[in-house]
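In case you want the letters, here they are:
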Amino acid sequence: MSREFLKMVNDADEKTLMMSLRDCHANAVDSIVVKNNNGILTRAFIAWGPHKLWMNKPEIKDYTVGIHDHKYPLSLRLLKGSVRNMVYEETYCGDRFSEFEFKSIITNKELVDVYELVRRDVHLGIKKAEDLKHDKWLHMTSNELHTIWASPGPAAWLVQEGMREKRTSRLFQTEKTLDFKDLYQPFSSREEIIQVVESFFS
Ligand SMILES: [Fe+2]
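Keep in mind it's a predicted model, so treat the numbers as computed, not measured.

Description of the overall build of the protein
Part 1: Each helix and strand in the protein was counted, giving 3 helices and 12 strands.
Part 2: Radius of gyration (C-alpha) of the protein: 17 Å, near the 17 Å computed for a compact globule of 202 residues.
Part 3: Reported as C-alpha extents along the three principal axes, the dimensions of the protein are approximately 50 × 40 × 30 Å.
Part 4: Put simply, the protein has 202 residues, and 28% of those count as buried.
Part 5: Across the protein, contacts joining residues at least 24 apart in sequence account for 76% of those joining residues at least 6 apart.

See below:
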C-alpha cells in the first residue's frame with residue numbers, strides 16, 4: 001500500500017502536490033495531497049516519530065487533534081504504523097468540550113476558513129474505536145464525530161474525501177480558544193515533497 005501511495009505522489013501534478021502542508025492540524029503531522037478532483041481531495045496524513053496523536057484518547061484527553069466532523073463523507077485506509085479511528089457521540093456522562101464551527105467564506109476573492117465558538121459545554125464520549133487496515137477502506141459519514149489515534153512513532157493513513165454535503169464543520173476541543181500558531185506550513189517544491197515522502201516510507 002505504501003508503494004501504491006508513492007506512485008500516487010510521483011504521478012500527482014505539481015499544483016495538486018503543492019496543496020500539501022507540513023504540520024497540518026498538529027505538529028509533526030504532514031498532509032500530502034495527491035489528487036484534486038474538482039475540490040474533492042485524496043491525501044495522506046504522515047505522522048513523524050515525535051507526533052502526539054497517541055494522546056488522542058479519553059484516558060489522556062490531550063487532544064492534539066480535536067474531535068470533529070467534516071463537510072463530506074470520507075474513507076480511511078492504513079499506510080503505516082497503527083492507526084485507530086475514534087468515533088464520539090454526545091452523551092451526558094462524557095467529557096466536557098467547547099464546540100467551534102468552521103465555515104469557508106470568500107473575502108477579497110480569496111477563499112478562507114473562519115471559525116467561532118458556538119458552545120462551551122458539550123459532553124462527548126467514545127462511541128466506537130476501529131483500527132485502520134491496509135487492505136480495506138473504513139467509511140465515515142460527514143456527520144460522524146471523530147479523531148485519529150496513532151501509536152507512538154511513525155504512522156500514516158490515506159484519506160479519500162467524498163462529495164461536499166455541508167457548508168460548515170465542527171471541532172470540539174478541551175480548550176476554549178484555538179491556537180494554530182506554527183501549523184499549516186507549505187512545502188517549497190514538488191521535489192521536496194517527493195523526497196520527504198520517500199524518506200518517510202523508506
Ligand atoms: Fe477528520
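A short note on the packing of helix H1 (residues 2–11) against helix H3 (residues 190–201)
Part 1: For the pair H1 and H3, the least separation of the axes is 10 Å and the interaxial angle reads 175 degrees. With respect to each other, H1 and H3 are oriented roughly antiparallel. Packed against H1, whose contacting residues are Ser2, Leu6, Val9 and Asn10, the element H3 presents Ile194, Val197, Glu198 and Phe201 at the interface.
Part 2: For the contact of H1 with H3, the per-class residue count stands at 5 nonpolar, 2 polar and 1 charged.

Describing the pairing of strand S11 (residues 168–173)
Part 1: The sheet contact formed by strand S4 (residues 67–68) and S11 spans 2 bridges and is antiparallel. Bridge pairing in S11 links His68 to Leu171.
Part 2: With 6 bridges joining them, strand S6 (residues 83–107) and S11 adopt antiparallel strand pairing. In the sheet register, Glu99 faces S11, and the bridge partner there is Phe172.

Calculation notes
- Residues numbered from 1 in each chain as written.
- Predicted model: local features only at pLDDT ≥ 70, side-chain atom pairs only at ≥ 80, totals over all residues.
- Helix = DSSP H or I, 4+ residues; strand = E, 2+ residues; numbered from the N terminus.
- Rg over C-alpha atoms; globule rule 2.2 N^0.38 Å.
- Buried ≥ 20, exposed ≤ 12 C-beta atoms within 10 Å, placed from the backbone.
- Contact = placed C-beta atoms within 7 Å.
- Axes fitted to C-alpha atoms, helices over the stretch in contact; angles between N-to-C directions.
- Parallel < 35°, antiparallel > 145°, perpendicular 65-115°, else oblique.
- Nonpolar A, V, L, I, M, F, W, Y, C, P; charged D, E, K, R; others polar.
- Pairing = 2+ DSSP bridges.

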